Amino acid sequence: MQDDTVFAAELSWPQYHDRVRDGSVPILLPIGSMEQHGHHMPMHVDVLLPVEFGRRVASEIGALVAPPFTYGYKSHQKSGGGNHLPGTTSLDGGTLVAALRDVIKEFARHGVRQICLMNGHFENSWFIIEGVDLALRELRWDGIDGLKIVVLSYWDFVDKATIERLYPNGFTGWDLEHGGVLETSLMLALHPDLVRLDRAVDHEPASFPPYDVYPSKPEWTPASGTLSSPKEASKEKGEILLDVCVKGIVGALKPEFAR
Ligand code: ZN
Ligand code: MN
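Residues numbered from 1 in each chain as written. Chains lettered and ligands numbered in written order. Predicted model: local features only at pLDDT ≥ 70, side-chain atom pairs only at ≥ 80, totals over all residues. Heavy atoms only, no water.

## A short note on the nonpolar core
Then, in step 1: Counting residues in each nonpolar core, the largest one holds 37 residues, and the members touching the most others are Leu28, Val57, Tyr154 and Leu253.
Then, in step 2: If you list the elements that add at least two residues to this core, you get helix H2 (45-61), strand S3 (114-119), strand S4 (148-153), helix H6 (160-166), helix H7 (181-190) and helix H8 (235-256).
Then, in step 3: The greatest single-element share of this core, amounting to seven residues, is contributed by H8.
Then, in step 4: Among all residues touching Tyr154, those that are not within four sequence positions of it are Leu49, Phe53, Asn119, Gly120, Leu182, Glu183, Leu186, Cys245 and Ile249.
Then, in step 5: One finds Leu11, Leu64, Ala108 and Leu147 within the second-largest nonpolar core, a separate group that totals 25 residues. (Core = buried A, V, L, I, M, F, W, Y, C linked by side-chain atoms within 4.5 Å. Buried < 20%, exposed > 50% of the residue type's maximum accessible area, 1.4 Å probe, protein only. Helix = DSSP H or I, 4+ residues; strand = E, 2+ residues; numbered from the N terminus. Contact = heavy atoms within 4.5 Å.)

## Remarks on the state of the cysteines
Then, in step 1: The full count for this structure, using the stated rule, is zero disulfides.
Then, in step 2: Left unpaired, Cys116 is separated from the closest cysteine sulfur, that of Cys245, by 13 Å. (Disulfide = S-S within 2.5 Å.)

## Structural notes on the environment of Gly173
Then, in step 1: Residue placement: Gly173 occurs in the loop between H6 and H7.
Then, in step 2: A sequence separation of 27 residues divides Gly173 from Gly146, and the C-alpha atoms of the two residues are 36 Å apart.

## Overview of the coordination of the zinc ion (ligand 1)
Then, in step 1: Donor atoms from the polypeptide that coordinate the zinc ion (ligand 1) comprise His37 (NE2), Asp46 (OD) and Glu183 (OE), at 1.9 to 2.1 Å from the metal.
Then, in step 2: Donor residues for the zinc ion (ligand 1), ordered by position in the chain, follow H-x8-D-x136-E.
Then, in step 3: The metal-metal distance between the zinc ion (ligand 1) and the manganese ion (ligand 2) is 3.3 Å, with Asp46 serving as a donor to both. Taken as a pair, His37 and Asp46 share a single burial class, namely buried. (Donors = N, O, S within 2.8 Å, 3.2 Å for Na, K, Ca; no water.)

## Overview of the environment of Ala206
Then, in step 1: For Ala206, the position within the fold is in the loop between H7 and H8.
Then, in step 2: You can call Ala206 buried: its relative accessible area is 10%.
Then, in step 3: Each C-alpha atom of the pair Ala206 and Lys78 lies 8.3 Å from the other, and the pair is 128 residues apart in sequence.
Then, in step 4: Apart from residues lying up to four places away in sequence, Ala206 is in contact with Leu176, Pro222 and Leu227.

## Structural notes on the coordination of the manganese ion (ligand 2)
Then, in step 1: Summarising the metal site, the manganese ion (ligand 2) is bound by the protein donors Glu35 (OE), Asp46 (OD) and His121 (ND1), whose distances to it range over 2.0 to 2.3 Å.
Then, in step 2: Look at where the donors of the manganese ion (ligand 2) fall in the sequence and you get E-x10-D-x74-H.
Then, in step 3: Given a relative accessible area of 2%, Glu35 falls into the buried group.

## Examining empty space enclosed by the protein
Then, in step 1: Inspection of the entire model under this criterion finds one cavity of 30 Å³ or more.
Then, in step 2: What lines the largest cavity is a set of 16 residues, among which Ser79, Phe122, Trp155, Trp174 and Glu183 lie closest to the centre.
Then, in step 3: For the lining of the largest cavity, the elements supplying multiple residues, two or more each, are helix H3 (77-80) and H7.
Then, in step 4: A class-by-class count of the residues in the lining of the largest cavity yields five nonpolar, five polar and six charged. (1 Å grid on protein atoms, 1.4 Å probe; cavity = no way out; pocket = protein on both sides within 12 Å on 5 of 7 lines; lining within 4 Å. Points joined across faces, edges and corners; volume = space filled by probe spheres on them. Nonpolar A, V, L, I, M, F, W, Y, C, P; charged D, E, K, R; others polar.)

## Side note on the packing of helix H4 (residues 93-110) against helix H5 (residues 125-141)
Then, in step 1: Where H4 contacts H5, the axes come no closer than 8 Å and their chain directions differ by 45 degrees. Classified by the angle their axes make, H4 and H5 are oblique. Between H4 and H5 lies a crossing whose hand is right-handed. Taking contact as the criterion, the partners of Gly93, Leu96, Val97, Leu100, Arg101, Ile104, Lys105 and Ala108 in H4 are, on H5, Phe127, Ile128, Glu130, Gly131, Val132, Leu134, Ala135, Glu138 and Leu139.
Then, in step 2: Taken together, the residues of the contact of H4 with H5 sort by class into 11 nonpolar, two polar and four charged. (Axes fitted to C-alpha atoms, helices over the stretch in contact; angles between N-to-C directions. Parallel < 35°, antiparallel > 145°, perpendicular 65-115°, else oblique. Left-handed = near helix turned anticlockwise from the far one by under 90°.)

## Remarks on the pairing of S3
Then, in step 1: When you tally the buried positions in S3, you get six out of six residues, the bulk of the element.
Then, in step 2: Residues Gln114, Cys116 and Met118 point to one face of S3 and Ile115, Leu117 and Asn119 to the other, with burial holding for every one of them.
Then, in step 3: Pairing geometry for S3 and S4, over six bridges, is parallel. Bridge assignment links Cys116 to a residue of S4, and that residue is Val150.
Then, in step 4: With respect to chirality, the unit in which S3 leads through H5 into the neighbouring parallel S4 is right-handed. (Pairing = 2+ DSSP bridges. Right-handed = clockwise from strand over helix to strand, strands pointing away.)

Laid out in structure tokens, this is it:
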């Protein structure tokens, strides 16, 4: 238990209650996945990154960071390598939606009126929105309104100029960034002890046909599990990304959560 922590679950319940009951303190909820991220990174990249964004943003806007969702929706072949890969451990969509709905309603019961869902795993996107929609609907049935929920994915705050600076040889899109330069650079800046760049597999960006097939075809995914090469990743790029994303998220949340 720590008095000055931004992590909600490190507080005692009276400390937490004091902070949130009047609705003035936003809750930031990181949502990740357990998913393979190639040979050079651990499987909790999609959790570690939004937790750290949450920690930095929370200290700037006076928010609390909730314990993250450590499992997410199934890895899609064209954005996460696919759910067939060993280690990748996913929830059914309905499970994720129901769990998110429950947690949002619990925070509302405590008095929280501002929540930011900070996504770290592309495939969660629509299920997050469904969880938000169901929670808001059920809260309205209970006569609770006035809740504002912001949904964001940190990579959407990387602007065009930064993309051109970080990808001088061309950018293939966020979906192919699974285990690539973006995530690896951020991990090098934040958790260098968890990255083994010497084990990274260099390969051409994955190329997929403009349709999906189920059951998926494992041979479509590069053998490494990454969808683009992490070889050009660096701590410096990670620090640029960190700066751009934290500033962008703070800039978005301050006016949205102004009271
Ligand atoms: Zn990831
Ligand atoms: Mn992911």
